[in-house]
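Structural overview
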Amino acid sequence: MKSLEAHPELVTMVKVLRIIVIGIAIGLALFLGVVAYLHWVAGNDQPPEGTGLLTNISLALAGMVILGVTLVRSSLVRAAMAAWREGDVVQFRQKYGSAVILGVAGIEGAGFLLCVAFLLEKDVMAFTAACICLL
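Since this is a predicted model, take the numbers as computed values, not measurements.

**A few points about the environment of Gly106**
Inspection of the secondary structure puts Gly106 in helix 4 (residues 89-121). Distance in space between the C-alpha atoms of Gly106 and Thr70 is 8.9 Å, their sequence separation being 36 residues. Ignoring anything within four residues of it in the chain, the contact list for Gly106 reads Val65 and Val69.

Next comes the structure, spelled out in structure tokens:
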């Protein structure tokens, strides 16, 4: 017997988490599309003078956010797996769901920050990093 057959409530949790992840990814993809349109199609591609600080700070902050979220997420996944080994399905659902949502929200926040930096300073490195966040 598979785990999902023994615990049908996990099927519901997985479906809900998939919807959340897809919804957040679509939101970031749409924002990336708007930013790309404004830059390459609408002709808003001239960087202001003295730029670079916001992009550098955004890249550093995004990296720290992703690293921090990864560390917290791995801790939650370890706690979820410990609950699974003990047979506590409710605790597993809570910890695993929190880990997935925290991971996706953290990466989305970093992607939005990088998009805003690209929108203001026109440094393609910020846009590239935001696209990597989408992946």
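**Some thoughts on the packing of helix 3 (residues 53-86) against helix 4**
Taken N-terminus to C-terminus, the directions of helix 3 and helix 4 make an angle of 175 degrees; their axes are 8 Å apart at the nearest point. Relative to helix 4, helix 3 is oriented roughly antiparallel. Its residues assigned to classes, the contact of helix 3 with helix 4 shows 28 nonpolar, six polar and three charged.

**What to know about the packing of helix 4 against helix 5 (residues 124-134)**
It is the contact of helix 4 with helix 5, at a shortest axis distance of 8 Å, that shows an interaxial angle of 160 degrees. The angle between helix 4 and helix 5 places the two elements in the roughly antiparallel class. The handedness of the crossing between helix 4 and helix 5 is left-handed. Residues Ile107, Ala110, Gly111, Leu114, Cys115, Ala117 and Phe118 of helix 4 pack against Val124, Ala126, Phe127, Ala129, Ala130 and Cys133 of helix 5. Tallied by class, the residues present in the contact of helix 4 with helix 5 amount to twelve nonpolar, one polar and no charged.

**A short note on helix 3**
Compared with an ideal rise of 1.5 Å per residue, which puts 34 residues at 50 Å, helix 3 spans 49 Å between its outermost C-alpha atoms and is within 8% of the ideal. What helix 3 keeps buried is the set Thr55, Ser58, Ala62, Val69, Leu76, Ala80 and Ala83. For helix 3, the secondary structure elements touched by its buried residues are helix 4 and helix 5.

What counts, and where the lines are drawn
Residues numbered from 1 in each chain as written. Predicted model: local features only at pLDDT ≥ 70, side-chain atom pairs only at ≥ 80, totals over all residues. Heavy atoms only, no water. Helix = DSSP H or I, 4+ residues; strand = E, 2+ residues; numbered from the N terminus. Contact = heavy atoms within 4.5 Å. Axes fitted to C-alpha atoms, helices over the stretch in contact; angles between N-to-C directions. Parallel < 35°, antiparallel > 145°, perpendicular 65-115°, else oblique. Nonpolar A, V, L, I, M, F, W, Y, C, P; charged D, E, K, R; others polar. Left-handed = near helix turned anticlockwise from the far one by under 90°. Expected span 1.5 Å × (residues − 1). Buried < 20%, exposed > 50% of the residue type's maximum accessible area, 1.4 Å probe, protein only.

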